[in-house]
Structures are given as C-alpha cells and as structure tokens.
Amino acid sequence: MSISNITVFMPSVFMLIGIPGLESVQCWIGIPFCAMYLTAVIGNALLLIIIKSEPSLHEPMYIFLGMLGVTDIALSTSIVPKMLGIFWFHIPEIYFDSCLLQMWLIHTFEAFESGFLLAMSLDRYVAICYPLRHASVFTPQLVTQIAAMVTLRATIFVTPSLVLIKYQLHFFHTKVISHCYCEHMAIVKLAAEDVRVNKIYGLFVAFTVAGFDLICISLSYVQIFTTVFRLPQKEARLKAFNTCIAHICVFLQFYLLAFFSFFAHRFGSHIPPYIHILFSSIYLLVPPFLNPLVYGAKTKQIRIHVVKMFPS
C-alpha cells in the first residue's frame with residue numbers, strides 16, 4: 001500500500017477537538033457532564049461505604065454491585081477530567097501513549113462493567129430459580145473467581161487492540177481526533193495504512209464480550225421470568241420481580257446505549273458527527289451516574305442504610 005506524502009509518521013501528540021460542530025457551546029455542555037461525573041463519583045463512593053460497613057450487605061449481589069461501583073468511578077474518571085480540559089480550558093493535546101492508555105482503560109472498564117452485570121444476573125438467576133442452593137453455589141470463593149475471570153477476560157481481549165495500533169500503524173492522515181476522548185475506532189480511522197485487521201478485531205471483541213454477556217443475561221432473565229410467573233402467590237411474584245428491577249434497568253440502559261454507539265461509529269455515516277459523539281459520551285457517563293441512583297432507589301436494604309446515614 002502506497003503512503004501519501006500528506007501523512008504524519010508516528011505522531012507524538014494527538015489533538016482532541018471535542019464535539020465537532022458544537023465547539024462554541026462546549027463550555028456549556030461541560031456543565032451537565034461535570035454534574036454527572038460528580039454525582040457518579042459521590043454516589044458510587046457512598047454505595048461502596050454502605051456495602052463495606054454493613055455486614056448484612058456482604059452478600060454476592062452487593063459484592064458484585066460494589067465491584068460495579070469501583071468500575072464506574074474508574075471509567076468516568078478516565079474520561080471526564082480530560083474532556084473538561086478540552087471544553088473549559090482549551091487543552092486539546094494528548095500524548096500518543098497517553099491516548100492509547102486512555103483507550104485501553106475505557107474499553108477495559110467497559111468489559112468489566114459488562115462482566116459484572118452478567119455476574120449479577122447469574123446471581124439473581126440462582127437466587128430465584130434455585131433459592132435453597134444459592135448459598136452453596138455462590139460461595140465467597142466463587143465470587144472471587146468470577147471477579148478474577150472478569151478482570152482477566154477484559155485484559156486479554158482489549159490489550160491486543162492497543163498493541164495493533166502501537167506496533168502496526170505508523171502513518172496517520174492527521175493528528176486531529178474528532179472526538180472528546182480516545183476511542184479505538186476514532187484512532188484507527190486516522191491511519192493511512194490498511195486497518196482491516198484492527199476493524200475485524202474490534203468487531204470480534206465487541207461481539208465476543210458484550211454479545212456473549214448480552215445473550216447470557218437475556219437467557220437468565222427468561223428463566224427468571226418463567227420461574228416467577230409460576231409462583232402461586234401474587235405477593236411472592238412481586239417480591240421476586242422487585243429484587244430484579246434495579247438490575248434490569250441498569251442492564252437495559254447500558255446495552256441499549258452501548259450498541260447504538262457501537263453501530264453508529266461503524267455504520268452510521270449518515271448520522272451527524274456531533275450526535276454520534278454526544279451519544280457515545282453519554283453512553284459512558286450515564287451508567288456510572290444512574291447506577292447508584294437506581295440501586296439506591298430500588299433496593300430496600302441500601303435505601304434503609306442511606307436513611308441511617310442521613311437521619312435528618
């Protein structure tokens with residue numbers, strides 16, 4: 001493949017322009033993004049404090065929820081500070097290696113989030129379909145093993161995409177990234193070389209991780225609903241549904257936004273760039289923002305301990 005003369009060889013710095021077409025109002029867009037970030041950090045930190053300090057919450061569901069909270073804080077922190085630096089302080093520069101690190105962190109934490117949502121759905125499946133066996137199945141050892149498997153899976157699957165960019169792509173059309181954070185496809189599209197391997201691997205990871213988790217979560221809830229509808233008493237059915245409603249809300253908003261962003265980036269050439277970038281940013285910020293609010297409002301045990309912390 002011939003390389004055009006108008007290319008940059010291994011740029012040391014990329015330029016993140018933010019949201020193309022909305023540069024004049026980015027300072028205002030940064031306000032709700034900052035509010036969501038602060039809410040996400042404070043809400044998830046409060047959730048972690050409650051789970052850690054209350055022995056009655058040291059159950060698999062709440063332990064997985066705590067892991068999800070840590071992931072949400074890390075995911076939003078890997079994005080928002082730099083984003084606000086672009087919006088408010090006009091600092092678009094980011095070193096090449098820092099950009100790759102941010103890309104790796106974002107996609108790794110996304111895989112963490114998907115994995116912990118799957119773990120929580122499996123916990124609900126066993127608790128509702130096989131309640132007498134739940135304590136013997138979801139032992140502390142199994143919870144630790146699941147957490148290790150989620151971490152290892154994300155690291156193994158995401159790292160090759162970073163390596164492919166770092167050591168295979170050397171020539172770039174431009175140093176300007178039309179985005180407000182370093183995302184895999186946003187970087188790959190800048191390359192002046194053959195990027196078919198990068199695109200194929202990105203699709204492979206998306207469908208292997210998120211696709212697999214989505215199928216398993218859906219199947220687990222089909223089994224849960226089948227079991228719940230067979231319960232003879234209405235009160236028992238409502239109680240079983242109530243234990244799942246928060247997870248269903250979180251699961252739906254995460255995957256709906258994720259797949260819209262994923263397909264828009266690859267196949268939505270007719271979608272204006274600012275709409276796509278706004279949605280992809282919201283997709284990464286809304287789950288950390290909503291998760292503690294949803295679980296705090298819909299989970300009775302957490303709600304009770306929040307009231308204890310703020311009796312007034």
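Here the structure is a predicted model, which means the values were calculated and not measured.

Cut-off values and rules
Residues numbered from 1 in each chain as written. Predicted model: local features only at pLDDT ≥ 70, side-chain atom pairs only at ≥ 80, totals over all residues. Heavy atoms only, no water. Core = buried A, V, L, I, M, F, W, Y, C linked by side-chain atoms within 4.5 Å. Buried < 20%, exposed > 50% of the residue type's maximum accessible area, 1.4 Å probe, protein only. Helix = DSSP H or I, 4+ residues; strand = E, 2+ residues; numbered from the N terminus. Contact = heavy atoms within 4.5 Å. Axes fitted to C-alpha atoms, helices over the stretch in contact; angles between N-to-C directions. Left-handed = near helix turned anticlockwise from the far one by under 90°. Nonpolar A, V, L, I, M, F, W, Y, C, P; charged D, E, K, R; others polar. Disulfide = S-S within 2.5 Å. Pairing = 2+ DSSP bridges. UniProt positions renumbered as here; feature names shortened; annotations may be inferred. Expected span 1.5 Å × (residues − 1). Bend = angle between axes of the 7 residues up to and from the residue. Salt bridge = Lys/Arg side-chain N within 4 Å of Asp/Glu carboxyl O.

A. Geometry of the nonpolar core. Membership of the largest hydrophobic core comes to 87 residues, with the highest contact counts inside it found for Phe14, Leu65, Ile177 and Ile187. At 16 residues, helix H4 (residues 96–129) tops the list of elements feeding residues into this core. Apart from residues no more than four positions distant in its own chain, Ile187 is found in contact with Phe14, Cys99, Leu100, Met103, Ile165, Phe172, Ile177 and Cys182.

B. Highlighting the packing of H4 against helix H10 (residues 273–298). Relative to each other, H4 and H10 sit at 35°, their axes nearing to 12 Å. Note that H4 runs across H10; the crossing there is left-handed. On the side of H4, the interface is formed by Ile106, Glu110, Glu113 and Met120, while H10 contributes Tyr283, Leu284, Pro287, Asn291 and Tyr295. Tallied by class, the residues present in the contact of H4 with H10 amount to 6 nonpolar, 1 polar and 2 charged.

C. The state of the cysteines, seen in detail. Across all of its chains, the model carries 1 disulfide by this definition. The disulfide bridge from Cys99 ends at Cys182, spanning 2.0 Å between sulfur atoms. The disulfide joining Cys99 to Cys182 has a torsion of about -115° about its S-S bond and is therefore left-handed. Of this pair, Cys99 sits in helix H4 while Cys182 is found in the loop between strand S5 (176–177) and helix H7 (184–188), placing the two residues 83 residues apart along the sequence. Judged by its relative accessible area of 0%, Cys99 is buried.

D. Just the sheet that holds S5, in detail. Pairing within the open sheet is mixed, and its 3 strands lie in the order S3-S2-S5. Edge positions in the sheet fall to strand S3 (93–95) and S5, since each has one partner strand and no second. Of the strands in this sheet, strand S2 (13–16), S3 and S5 are in contact with H4, which crosses S3 at around 85°.

E. Looking closely at the environment of Lys300. Secondary-structure assignment places Lys300 in helix H11 (residues 300–309). By relative accessible area, which is 53% here, Lys300 ends up exposed. Distance from Lys300 to Asn242, taken between C-alpha atoms, is 9.4 Å for residues 58 residues apart in sequence.

F. Focus on the UniProt feature "transmembrane region" (unreviewed entry) in the protein. Using the residue numbers shown here, the UniProt feature "transmembrane region" (unreviewed entry) corresponds to residues 5–22, 28–50, 62–89, 101–122, 142–165, 200–222, 243–263 and 275–295. Structurally, residues 62–89 is divided into 93% helix and 0% strand, and its ends, taken at the C-alpha atoms, are 39 Å apart. As annotated, residues 275–295 has a helix share of 100% and a strand share of 0%, and its two end C-alpha atoms lie 29 Å apart.

G. Up close: H10. Look at H10: 36 Å from first C-alpha to last across 26 residues, which is about the 38 Å you get at 1.5 Å a residue. Largest kink in H10: about 30°, centred on Leu290, with the proline Pro292 one to four residues after it.

H. Focus on the pattern of salt bridges. On inspection of all chains with the given rule, the structure shows 4 salt bridges. For Lys166, the salt bridge is made with Asp97, and the minimal N-O distance between the two is 2.7 Å. Taken together, the positions of Lys166 in helix H6 (residues 140–168) and Asp97 in helix H4 put the pair 69 residues apart, joining distant regions of the chain. For Asp97, a relative accessible area of 48% translates into the label partly exposed. Residue Asp123 pairs with Arg124 through a salt bridge whose shortest N-O separation is 2.8 Å. Looking at Arg124, the relative accessible area reads 11%, which means it is buried.

I. Region of interest: helix H3 (residues 80–89). Where burial is concerned, most of H3 is hidden: 7 out of the 10 residues are buried. If you check which residues of H3 are buried, you get Val80, Lys82, Met83, Leu84, Gly85, Ile86 and Phe87. Where H3 is buried, its residues meet S2, helix H1 (26–53), helix H2 (60–77), S3, H4 and H10. Backbone geometry just downstream of H3 places His90 in the positive-phi region, at approximately 55°.

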